[in-house]
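So the chains spell out like this:
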Amino acid sequence: MSEKRSDQIKYSILKFLDVTGFTVLDPVIRLIFREETDKQCKAIGKFLVVPILFLFFCLTMWWKIAPQHKTKSGEVPTPDKVWNSAKINHTFDYRETTKSEDFIARSESRKEILKQVQAQIVSIRSEAEQAKNQVLLMEEKFKNDFLPSKLEVPNTNLSNYLTEVNILSNRRKEELNVLKAEVMNGKTTKKEFVHFLEEQDKLVDQEKKILKELRSVISEIRSQKFKPLEKARSVYNNLANELQFLKKREEFLTKSNRSVRVQEANDKLQLSIEDLELATTEKDIYLRAKKVIRQKESIARLEGQQYASAVTVYKQIKRSIFTVLCGFLMAAIIAIPLGIMCGLNKVVMACLTPFISVFKPVSPVVWLLIFQIIVGAFFPDPETHPFFLFFSSIPYIGSLNINPALVFSACTVAICAVWPALVNTALGVSSIDKDHINVARVLRLGFKDRLFKIIIPSSLPYVFAGLRISLGVGWMVLIAAEALSSSDGLGKFVWDEYQNGSSYSFANIIYACFVVGIIGFCLDRIMIVLQRIVSFDGGTTSV
Amino acid sequence: MSFLSLENASVSFGAGNSKIKILSDLNLEVKENEFVAIIGFSGSGKSTLMSLLAGLILPNSGSIKMKGKTVKEPGPERGMMFQNYSLLPWLSVYQNIELAVHQVFPHFSKIEKENHILHYLEMVNLLPAKGKKPHELSGGMKQRASLARTLAMKPEILLLDEPLSALDALTRANIQDEIMRIWQEDKRTVVMITNDVDEALLMADRIIPLTIGPEATLNDPFIVDIDHPRDRTTINANRNYKKLKVNVTNFLINMNLEAKKLNLNPHIPMPELTPDHLNHSRSNRTF
């Protein structure tokens, strides 16, 4: 009985892997359940180990080749640098969220957090102190031990050569003087004198060249990185950053904290009210009453205030996903009914074909510009437009900063994503099995029943195949659109990094490349699962 | 009065030069409660004939009448069982039948509907598979599900288009018995298409051969005057059965021979040409 149960678990896991398209892991699961171990091991070797080895091979190649190509933005980053930039982005996001939490912390919890933070500051400060000493130590070592030991040979080489050159040039000067005299005497011809001078110039050039080489060896050694020093510096930098962050937290927990500021404002208000009570003259009453009103207003504003967090990559990701889903939804809402109409009625198809053929190949960039103009005209004053006010009032979505840029990005996504879904839906509806139509005819199904019980279910696999392509296209288009229009999102993140040109920019761009790819992959997987669920013939979907 | 009748009906596909007359001058009279088998070679237009009887296609000339009224569209009173099952693949067996029952008997209450469906599922022995999707079923099970759906519509006339073609011999015999039982129990009119002489002889009151197409037509019927119910184990010894079997088989064989004679290709004169490269050596060839 227990064996049967484990079989059930096994088959439900295998089914799940099959539906999600992770059939690669199939043999691993089977191996865990001890089913034909030899066969599974072979399968794992072929389809799991070899690809992983290949992946490592590619990573190593990247590691080796990347630093050799020098660009304006520095070396092409190696995998570790990209990983590092991922970590930096993560820490940045963590710090921003912590700060925004600190900002709104109140009363007891605020005090508690403050205590912790202050304790951390003390410990980190001492650590930072140590790290700084370490850096100084290492700098010393670099100057006194590392450099001299490496420079000893080249330096002596250089000085030796310099003295040599000195002697040689003195000798040449003497020769020159002798020859000058000889030329005057006529012992040597003028032609020979010219020849002599040429020879001398050549020798001087050669000496200069050798000197330059010797000097470059020295400067190269000087610019060499001393690993322990680098490490100490990075440790110190990290600690210093952490310390700065903690100090900022302390600030947000004390004088910049919302509840603290509200408290202060309330105290002031209390004083003003007391003042108002004491006022006697008409003018004083009026002015003090006004002051009370002003202070009340400012308190209300304070209470609604949120921490103005910097835009982190995670926020950009959320916004991009939200935008692509909006655009995708718009595309689906347009494409599916139109596609069904096209598939059902040849006249509709004939009417729409020219539009599909002409607009399908239009570049997303052109659509972006068109929508930017159109959407801009719809919302002349976006800050107060009811459409955006409505979206800002929705709890989660409101934090994504809905603005016209998001609307036209979504529209661009929609118009580019609409075509595959439309064409596929039309194809699905028009290629419905004739036998199924005959069944509907024999049963005398009405139009509504025919549509919802026969036509739509039978074309669903096509529809979802189209939607899957649409979502993929939409995601690609969106990133380009965001980069071009500086609408917040991953595309803008990439564009900003490109414009930034800091030492991390290139690594950040490659990091973003992976993020975009992985999210696109996840979206596609979700669509595959949906497609598999609606496909009734139990057939497989291409991955 | 005949229940279902064809009067000089003909069907052709295509237009202009490529127009092919599939069926021509069909005359058929089916009496109420009669079991008629139409027998013919594959490709002779049997399925087209069935579609014609169902009303899925209309005759180009002549007419088709049911109970004296001209048939203009398909409907559930002529229950058609399709040759390739036509089960809707996204619905389970139960739901497939439910769709038909819901449409034909809209006044049924929920329980009535369920009982009705389960009754027919039981009849074709598909109760254990009622929740399965068609792609999970074997060919025979699909055929039985299709039969159950057709029967559940309680049609006045059953049109069976090679209903047993995809079944193994054993299941085939079972379903044959089943169909005969149903036919006898609540006497219905049945038109069945088949290419199996034994099957036709076992089940039908009349066997009508369809000549080989194009321009296929119905030939004179063979009357099977053996009393119902017939027992497949003893019928082989029946004198009438033997005689009829010989007659029908001979008729079919002769028809086939005639068709072959008709279709003999006339001699096509070949041009007197020999390939170029046989006359000239390779080196002389120029392009």
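This structure is a prediction, so every number in the text was calculated from the model and none was measured. (Residues numbered from 1 in each chain as written. Chains lettered and ligands numbered in written order. Predicted model: local features only at pLDDT ≥ 70, side-chain atom pairs only at ≥ 80, totals over all residues. Heavy atoms only, no water.)

Residue and element names in this part refer to chain B. With respect to burial, strand S1 (residues 4-13) is a largely interior element, seven of its 10 residues being buried. Pairing of S1 with strand S2 (residues 20-30) involves seven bridges; the strand directions are antiparallel. By the bridge assignment for S2, Phe 13 is matched with Ile 20. A loop of six residues connects S1 with S2, the two strands running antiparallel in sequence, and Gly 14 in this loop sits at a positive phi of about 80°. Of the pairings in the sheet, the one linking S1 to strand S4 (residues 61-66) comprises five bridges and is antiparallel in character. Note that in S4 the partner of Leu 4 across the bridge is Met 66. (Buried < 20%, exposed > 50% of the residue type's maximum accessible area, 1.4 Å probe, protein only. Helix = DSSP H or I, 4+ residues; strand = E, 2+ residues; numbered from the N terminus. Pairing = 2+ DSSP bridges.)

Residues and elements named next belong to chain A. Here the domain parsing of chain A yields domain 1 (2-68), domain 2 (108-239), domain 3 (257-303) and domain 4 (313-534). Using only C-alpha atoms to locate each centre, domain 1 and domain 4 end up separated by 33 Å. With both chains or domains summed, domain 1 and domain 4 bury close to 540 Å², and 62% of this area falls on carbon and sulfur atoms. At the junction of domain 1 and domain 4, the tally comes to one salt bridge. Between Arg 532 and Asp 18 there is a salt bridge whose closest N-O contact spans 3.1 Å. On the surface where domain 1 and domain 4 come into contact, there are two residue pairs in polar contact (both at pLDDT 80 or more). Residue contributions to the side of domain 1 that touches domain 4 peak at three residues, all from helix H1 (residues 2-20). (Domains from an automatic or database assignment. Buried area = accessible area lost by both parts, 1.4 Å probe. Salt bridge = Lys/Arg side-chain N within 4 Å of Asp/Glu carboxyl O. Polar contact = N/O pair within 3.5 Å; in protein donor to acceptor, adjacent residues only side chain to side chain.)

The next subject is the sheet that holds strand S8 (residues 189-194) of chain B. Residues and elements named next belong to chain B. Pairing in this open sheet of six strands is mixed, and the strands run S6-S7-S8-S3-S9-S10 from one edge to the other. Each of the sheet's edge strands pairs with one partner strand only, and the pair in question is strand S6 (78-81) and strand S10 (222-223). For strand S3 (residues 35-39) and strand S9 (residues 206-209), the ladder comprises four bridges, and the chain directions are parallel. Across the sheet, residue Ile 38 finds its bridge partner in S9, namely Ile 208.

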